[in-house]
Each structure stands twice: as structure tokens, then as C-alpha cells.
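# Fold and contact review
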Amino acid sequence: MSQTGSKPLDVLDYEHGNLQTGTNWWGAFVIGLAGTILVTGAAPAFLTVFGASYIPFITFFTLTGVALCLLLAELSAMMPGRTGGSPSYAYPAYKERWPRLAPHVNGITAWMYWVGWMPVAPLNMILASFYITHLFGLDATHGITPVSTFIPYWTLAITAVGLIVLSIPAYLGIRFGTSMATVLAVLSMIPLTFLSIGFIFNLDAANWSELAGFRHLDGSSFFDPVGGYPAWMMYVAYAFPLLWTVIAYEAAACYIGECKHPGRDAKIAMTLEGGYGVFVYTMLPISFVVVLGASAISDPALVDPKTMFVTFASNIFPGVAGTVMEWLMAIMLIIALVLSALNSLMGCSRSLYQMSLDGQFPRFYQHLNKHHVPDRAMMTNVGASLLIAFMGGAIEIYSFSNVGYLGSFVPVLIAYYLLRKDRPNVHRPFRLPEYFKYVALFLAALYFFVWLVGGLIYSYIGGQAIYYFLGVATIFMYLPLYWYRMWEDRRAGFAPAIAAPGT
């Protein structure tokens, strides 16, 4: 979809990221698979609450994620010099209308995005540690409870070692990281695809009547109360942590600025990412429901991803074959989770780097190493991830980080509308139909409602209030960091904000 017309093209003025263009659509796609892999932690938690009624619920929100990917594909293709993913596209839309407000929109959006993505690395290393301790029979009974969730010592040790090891390819740059991610992505797509269509290997194990009416676990209808709460309240509440996972495949946008041909690569990477995301997010719960059934899913033990996946594999391949499959599934899921952690360390460091270039974050984060990697920002991710690991569990980390992540998209979606309205003649190598500017406003309103109302309800219904308000407190940390940058600028006499690589 190319832009046509006789009017002269407009040109956007924005701060470029100046990172090395060493990848293509495939690199953005495979590293962005980290978002899709998040379903491994989310699906068991939601299925054990909603049962089959979870399926239309997740399908709707997953389709909003596809629309988000398409919108970001247009934005990333028209601003190929920006890096750090979706938050970096907001600033150029706001700065002419509201020049005093725009820097804060840029800064707070990028910071919220970082708060959302940074915890993905420790979360997935925690999940990987569960499989590792299961496979090798490590002691998971001794540990600590730093906040409210018990954490085995082995979980902390495996998570810490994994994060430090993954910081090496992240430090070496997009080329090395993409090569490693390609291997991990191919291996990770195997278990994700198997989980999504596993029933075809044993059709006798599938009971399709489990999908009839998309009922709750207790057999009640889709609109009946769940857990003693009105259905609408539960759906709005659980949409909050759900959106943290089902729109996360937008992470591919973090790397469009490092593609050699961003105008072409953006639409391919983002469309492919969205398509595979829809396939996995919709088919995986269907597969679990028809194979395991409502009675099995009602077992609280299955809220643990490891337990649910192992039980699923055993039902598909009973006996000795099932034991072998359990091992293979565990190993491949570990690989998938490691890929997701690698993406987190690499991707959101670009957000810190870009907001530093734009003038809202300390100059310290403008540094690039010889591989053109924002190394200080990336190492900050490693340190922060080690702290987040002490939260201990998936739902706890979802509640904390989605305060930032989901909220960060609202200004970006409004920015898409503003750019379509105010700057219609900017060159758009990939251009969506005009009505998508209203789709962007609809998504902004929907995500804001879920972020504000759903987040508050879920924090209490789900017993996650402490983690939710820790997320709110972390968002406000933007202010002292911004004030510090203002002090730096005054001391430097408003010197240019770009530092050369390796300085």
C-alpha cells in the first residue's frame, strides 16, 4: 500500500536512533516472537478461572493486537530512524500541537513501556527454572518469601545465571542476537505449534463438546457470574493481565529501526507476527479445553504452566511415549522462554536509549558500545530484572508490569490518529485505509478503560493489589529521572544530546 497523490510530501522531523541497520524482517519477527511465547505463562492461569469461556474472550483481544501491529507497521515504516518500539512514535505527533506537553508524553510513554517489557526477562527465566527443576529433580521446597510469593532458592539461582548469560548476546548486538534468536525461534515454534494443534496427533483424546456454548468450568453460561462476581466485572478485570500477553507480539516493532529496508520489512514482520500470534493465542486454549476438559482444568494444580503442559502431553501421548514427550516439551519450552528473555533484555533497552536522545532521560543512557548497542541501558535491564525476580511468580509480575505496558499504548494510538489528521502527506511506505485512524482511537479508548478500570478491579479480585501499586510507584520514578536530566542540561548549557558510539 503505497502513498499516492499530487500533493508534495511532508517530512517528519525527529531524533534518529543511529543504531546499526544489521537485520531484516526475519530478524524483527524472530526476536519479536518473545511476545507470543508469553502465552505459556498466561493460558493456564486464565483457563483455570474461565474454562472454555476464555476462548472468545482471548480471541477478541488478540484481534485488537493484530490491529495494533498493523498500526505500528505504518508508524515504524514512516519513521525508520526511531528505535525502542511503539513509544518512540508518539513524540513527533504531539510536538507541534503541544510543544510543552510533548516531551513528557514521549518520556512517560517510553518509561511505561520499559516498565512493561523489562520484567519479561525475569518472568520467563522463572518459568524456565520450573521446568529445569522438574527435569533434574532439584529441591523446590526451600526458599524465601520476599513480598508475598514463595521463591525456591534454585529458581533465584537459575534466573540470575540465565539473565547474566543472556546479557552477552544482547551486548554483542542485533546481528549476533538475531543469529541466536533464529535458532531459538525455530526451536520455540515447535512446542508452541504442538500445544496449539496437539489434538491432531491423538484425535480420540479430543472431546469437541467441551466447546459447546463456551461455558465456564462449572457448566454455567458465558454471561453467568464467575467466582461470585458478575461476568462483565470478571472479564474487564482479567482483560488487564490478558492484554499484557496478547498484544506483546508488537515487540517486533522495537527492531524496525535496525532493519536495512524498514519500509518493506515493517509490514512483513508486523503482519507475520500478528498472524502467528492469532494462531497460537486462539488455538492453544481450544486445544487444552478439548483435550483436558473442564473437570481436569478445574484442578487448581494446573494453574502452574509446567503441570498443565506436562498433563496435556501425557494425554496426547500416554505411556512411555508420553514420558519422552514430556521431556521434549519441557526442553523446547525452556528454549522458547530463553528467547523471550533475550528479547526483553535487547528490546526495551532501546526505549531508554531513545528517550535519552530525545532529552527526557539521563545522558548516561546515550552511550553505545562498539557493536552499536545501548550497553548501559541494556545492563540496567539486567540489574532491574534481577530485582524483579524476587516477585516470584507470573501473575505477580503481570500485575506489576502491565501498569506500565498497557498504559503506554494509549498515547501512541492517539498519535497515529493525530499524524493521519495533521500530517496526511508524510511519506508512508506502508499505508493503511483511512478508517484505521478511527480504529486507533477505538483501541486507545478500550485499552485506557481496561488499564484504569480493569487494572483496579483485578488488583483486588486477583489479590494482586501490592504488585499493582508497586507498578504505579515505579511509573512515578520517571519524574526524578527527568528532573535529573533537566539539571544535566542546565549544567551543560543545553548541549546537544547525542553522544558518539563508544564515548
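See above for the structure.
So, a few notes on the structure that sits alongside this text. (Residues numbered from 1 in each chain as written. Predicted model: local features only at pLDDT ≥ 70, side-chain atom pairs only at ≥ 80, totals over all residues. Heavy atoms only, no water.)

### Some details on the overall build of the chain
Scanning the chain for helices and strands turns up 17 helices and two strands. The long-range fraction of contacts in the chain, counting pairs at least 24 apart against all pairs at least 6 apart in sequence, stands at 84%. Total accessible area on the chain stands at roughly 18200 Å², and carbon and sulfur atoms take up 69% of it. (Helix = DSSP H or I, 4+ residues; strand = E, 2+ residues; numbered from the N terminus. Contact = heavy atoms within 4.5 Å. Areas by Shrake-Rupley, 256 points an atom, 1.4 Å probe, with all protein chains shown as cover.)

### With respect to the environment of Leu 328
Mapped onto the fold, Leu 328 is located in helix α12 (residues 320-358). Taking relative accessible area as the criterion, Leu 328 reaches 43% and is therefore assigned partly exposed. Leu 328 sits 137 residues away from Pro 191 along the chain, and the two C-alpha atoms are 8.7 Å apart. (Buried < 20%, exposed > 50% of the residue type's maximum accessible area, 1.4 Å probe, protein only.)

### Quick look at the packing of aromatic side chains
Scanning the entire structure with this criterion turns up 33 aromatic pairs. Here the aromatic rings of Phe 57 and Phe 61 are separated by 5.6 Å at their centres, their planes lie at 85 degrees, and the arrangement is edge-to-face. Of this pair, Phe 57 and Phe 61 both sit in helix α3 (residues 54-78), four residues apart, roughly one helical turn. Comparing Phe 57 with Phe 61 shows no difference in burial state: the two are buried. Taking the centre distance of 4.7 Å and the plane angle of 40 degrees together, the rings of Trp 244 and Tyr 398 count as tilted. With Trp 244 in helix α9 (residues 231-246) and Tyr 398 in helix α14 (residues 394-422), this residue pair connects regions lying 154 residues apart in the sequence. When sorted by exposure, Trp 244 lands in the same class as Tyr 398, which is buried. Members of the aromatic cluster, each reached through a chain of ring pairs, are Phe 46, Phe 50, Tyr 54, Phe 57, Phe 60, Phe 61, Phe 222, Phe 223, Tyr 235, Tyr 238 and Tyr 458. (Phe/Tyr/Trp six-rings, centres within 6.5 Å; stacked < 30°, edge-to-face > 60°.)

### As for a nonpolar patch on the surface
Side chains of Phe 448, Leu 452, Leu 456, Tyr 460 and Phe 469 sit close together on the surface and give an oily, nonpolar patch of about 480 Å² of accessible area. A total of four residues in the nonpolar patch trace back to one element, the largest contributor, which is helix α15 (residues 436-461). (Patch = residues over 30% accessible without salt bridge, like charges linked within 9 Å, V, L, I, M, F, W, Y side chains within 5 Å. Salt bridge = Lys/Arg side-chain N within 4 Å of Asp/Glu carboxyl O.)

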